[in-house]
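Secondary and tertiary structure notes
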Amino acid sequence: MGDEIRLEGLGLASGVLEKLITLSAEGVDGVLSVGAPGIAGIVQKGAGRTGKVAKALAVSLGEDGKLCVTVRLHVRYGRPLHELAADVQSAVADGLRSHVGHDVGSVDVYIDGIEFGE
């Protein structure tokens, strides 16, 4: 994500958007963390065969001017994943709309890890 996203004359630092998305997503029951937990969350491990680093968050403006979000999660076992992902999509979109005042076009959710009980 770049240093700043400009929305109708308002410049928002990437860290502000990342914090809003993280708080919204981690507020959903069953989400343990955005990105991998612990030190692995600081440096995401390689994704797929390409060896590219998978970013925990990405935000951009779509052609229609709406925010497009990608969020990667580590979740707790026990909830249907499609239900959990739908709740995260709603929470992130609602959080951005209420705090930033801008329309959200999409929230893509990737579940990169599941933690099973002890």
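Since the model is a prediction, treat every value here as computed from it, not as a measurement.

Take the overall build of the protein chain next. In terms of helices and strands, the protein chain carries 2 helices and 8 strands. Its helices and strands taken in sequence order, the protein chain reads β-β-α-β-β-β-β-β-α-β from the N to the C terminus. Every one of the 118 residues in the protein chain was classed for burial, and the buried ones make up 36%. Of the contacts formed within the protein chain by residues at least 6 apart in sequence, a portion of 62% connects residues at least 24 apart. For the protein chain, the accessible surface area stands at approximately 7,100 Å², while carbon and sulfur atoms represent 51% of it.

Topologically, Leu-67 is positioned in strand E7 (residues 67–76). On the accessibility criterion, Leu-67 (0% relative accessible area) is buried. The sequence separation of Leu-67 and Leu-7 amounts to 60 residues, and the corresponding C-alpha distance is 9.3 Å. Those residues in contact with Leu-67 that sit more than four places away from it in its chain are Leu-7, Val-59, Ser-60, Leu-61, Leu-96, His-102, Asp-103, Val-104, Gly-105 and Ser-106.

Two numbers describe how helix H1 (residues 14–26) lies on helix H2 (residues 81–100): the axes approach to 8 Å, and their chain directions differ by 135°. Here H1 lies oblique to H2, going by the angle between them. Two packed elements cross with a definite hand, and for H1 against H2 that hand is right-handed. On H2, the residues that touch Leu-17, Leu-20, Ile-21, Ser-24 and Ala-25 of H1 are Val-88, Ala-91, Val-92, Gly-95, Leu-96, His-99 and Val-100.

Turning our eyes to something else, we now look at the pattern of salt bridges. Here the structure, examined in full by the defined rule, presents 4 salt bridges. Arg-72 is the partner of Asp-112 in a salt bridge, and the nearest nitrogen-oxygen pair spans 2.8 Å. Linking Asp-112 in strand E8 (residues 104–115) with Arg-72 in strand E7, this pair joins segments that are 40 residues apart in sequence. Judged by its relative accessible area of 43%, Asp-112 falls in the partly exposed class. Between Arg-79 and Glu-83 there is a salt bridge, with the nearest N and O atoms lying 3.0 Å from each other. The structure contains a network of salt bridges with shared partners spanning Arg-79, Glu-83 and Asp-87.

The rules behind each value
- Residues numbered from 1 in each chain as written.
- Predicted model: local features only at pLDDT ≥ 70, side-chain atom pairs only at ≥ 80, totals over all residues.
- Heavy atoms only, no water.
- Helix = DSSP H or I, 4+ residues; strand = E, 2+ residues; numbered from the N terminus.
- Buried < 20%, exposed > 50% of the residue type's maximum accessible area, 1.4 Å probe, protein only.
- Contact = heavy atoms within 4.5 Å.
- Areas by Shrake-Rupley, 256 points an atom, 1.4 Å probe, with all protein chains shown as cover.
- Axes fitted to C-alpha atoms, helices over the stretch in contact; angles between N-to-C directions.
- Parallel < 35°, antiparallel > 145°, perpendicular 65-115°, else oblique.
- Left-handed = near helix turned anticlockwise from the far one by under 90°.
- Salt bridge = Lys/Arg side-chain N within 4 Å of Asp/Glu carboxyl O.

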